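# Chain and residue survey
Residue-level listing of the chains:
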Amino acid sequence: MTVVVVNAGIGNLGAIPNMLKRLGTAASVTADPDEIASARRIILPGVGAFDAAMQSLADLGLIEVLNRKALAEGVPILGVCLGMELLGAGSEEGRLPGLGWINGRAVRFRSDVDRPVRIPHMGWNYVRPTGNGALFAELGTSPRFYFAHSYHFMCDDQADIAGVTRYGHPFVSAVHRGNISGIQFHPEKSHRFGLQVFRNFLAGLVDA
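Residues numbered from 1 in each chain as written. Predicted model: local features only at pLDDT ≥ 70, side-chain atom pairs only at ≥ 80, totals over all residues. Heavy atoms only, no water.

### A few points about unusual backbone geometry
How we decide: For the purposes of this entry, the term helix denotes a DSSP run of H or I that reaches at least four residues, the term strand denotes a run of E that reaches at least two, and both are numbered from the N terminus. Only protein chains enter the accessibility calculation, which uses a 1.4 Å probe. A residue is then buried if its area is under 20% of the maximum for its type, exposed if over 50%, and partly exposed in between.
A cis amide bond, omega 10°, links Ile119 with the succeeding residue Pro120. Here Pro120 shows up in the loop between strand E5 (104-108) and strand E6 (121-126). Unlike most non-glycine residues, Cys81 shows phi in positive territory, near 55°. Taking the relative accessible area as the measure of exposure, Cys81 reaches 4% and is therefore buried. The phi dihedral of Glu138 is positive, around 70°, even though this residue is not glycine. The exposure class assigned to Glu138 is exposed, which follows from its relative accessible area of 73%.

### What about helix H3 (residues 50-59)?
The cut-off we apply is this: What the arc describes is the spread of directions from the helix axis to the C-beta atoms.
Every buried residue of H3 is accounted for by Phe50, Ala53, Met54, Ser56 and Leu57. Projection of H3 onto a plane perpendicular to its axis shows the buried side chains occupying an angular sector of 155°, all on one side. Looking one or two residues past H3, Gly61 carries a phi angle of roughly 70°, positive in sign.

### Digging into the pairing of strand E4 (residues 77-81)
To keep it simple, the criterion reads: Being paired, for any two strands, means DSSP has found at least two bridges between them.
Within E4, five of the five residues are buried, leaving the element largely enclosed by the surrounding structure. Bridging between strand E3 (residues 41-46) and E4 involves five bridges; their strand directions are parallel. When the sheet's bridge partners are listed, Pro45 is paired in E4 with Val80.

### With respect to the nonpolar core
Nonpolar side chains in soluble globular proteins tend to be buried together. Condition: Think of a nonpolar core as a cluster: buried Ala, Val, Leu, Ile, Met, Phe, Trp, Tyr and Cys residues, connected wherever their side-chain atoms sit within 4.5 Å. Working rule for contacts: check all heavy atoms of both residues, and any pair within 4.5 Å makes them a contact.
Val6, Leu57 and Leu86 are the most contacted members of the largest nonpolar core, which totals 32 residues. Counting residues per element, the ones that place at least two in this core are strand E1 (3-6), E3, H3, helix H4 (63-72), helix H5 (82-85), strand E9 (151-155), strand E10 (161-167) and strand E11 (169-177). No other element matches the four residues that H3 contributes to this core. In contact with Leu86, other than residues within four places in its own chain, are Ile10, Leu44, Phe50, Ala53, Met54, Leu57, Gly98, Leu99 and Gly100.

### Points about the packing of aromatic side chains
Put simply, the rule reads: For Phe, Tyr and Trp, where Trp contributes only its six-membered ring, two rings pair if their centres lie within 6.5 Å, and the inter-plane angle classes them as stacked under 30 degrees, edge-to-face over 60, or tilted in between. A ring has a charge above it when a Lys NZ or an Arg CZ is no more than 6 Å from the ring centre and no more than 35 degrees off the ring normal.
Counted under the stated rule, the structure contains nine aromatic pairs. Aromatic pair Phe136 and Phe185: ring centres 6.2 Å apart, planes at 50°, arrangement tilted. One end of the pair, Phe136, is in the loop between strand E7 (128-129) and strand E8 (144-149); the other, Phe185, is in the loop between strand E12 (180-183) and helix H6 (191-202), and 49 residues separate them in sequence. The class of Phe185 is buried, set by a relative accessible area of 0%. For the ring pair Phe145 and Phe185, a centre distance of 3.9 Å and an interplane angle of 15° mean the geometry is stacked. One end of the pair, Phe145, is in strand E8; the other, Phe185, is in the loop between E12 and H6, and 40 residues separate them in sequence. Per residue, the accessibility class of Phe145 equals that of Phe185, and both read buried. Counting every residue linked through ring pairs, the aromatic cluster contains Phe109, Phe136, Phe145, Phe147, Tyr167, Phe171, Phe185 and Phe193. Note that Arg144 overlies the ring of Tyr126, its terminal NZ or CZ placed 5.8 Å from the centroid.

Take a look at the structure:
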């Protein structure tokens, strides 16, 4: 199997394979470590609570194989929404450690008197690509995506930031380091913009 969408019971699992199918790419939705071990592209989606997501990955025996694919084999991996937050060291929302592939952690949005915001951040918003990585290729300088989240990623290394969005204050909406990428928005709900992000992630995959 070439493209795997990790099924840890924490994501919108139907919409992502449908988007990939529109690009002519079949994807396996699975929690089988052996299928994940054979993947050449891995998507880690997620919604809900950070600790519940990490505990699910642990209970399913997926952390070891994900670490091997990400760190030893260098297979391209894309974290989506909560899946992006799992790439870091942890979250204010919970106590369990994250995967630790990107230096940083998830923090909750703050609303202040000068810049009041509703939490969660829901709806369409713009992303300003930084030029780090190729996820936003062919999308111009201000692509729009659909967001639904209460926490956002704080990068320890500014070089890992791939996209920035403003909601009250600017926040990191995409990260990239080597073969590992994360996006805070939902590409599967973002129409042509999300389709292009998936197309960019799949680039170079000739046997899908």
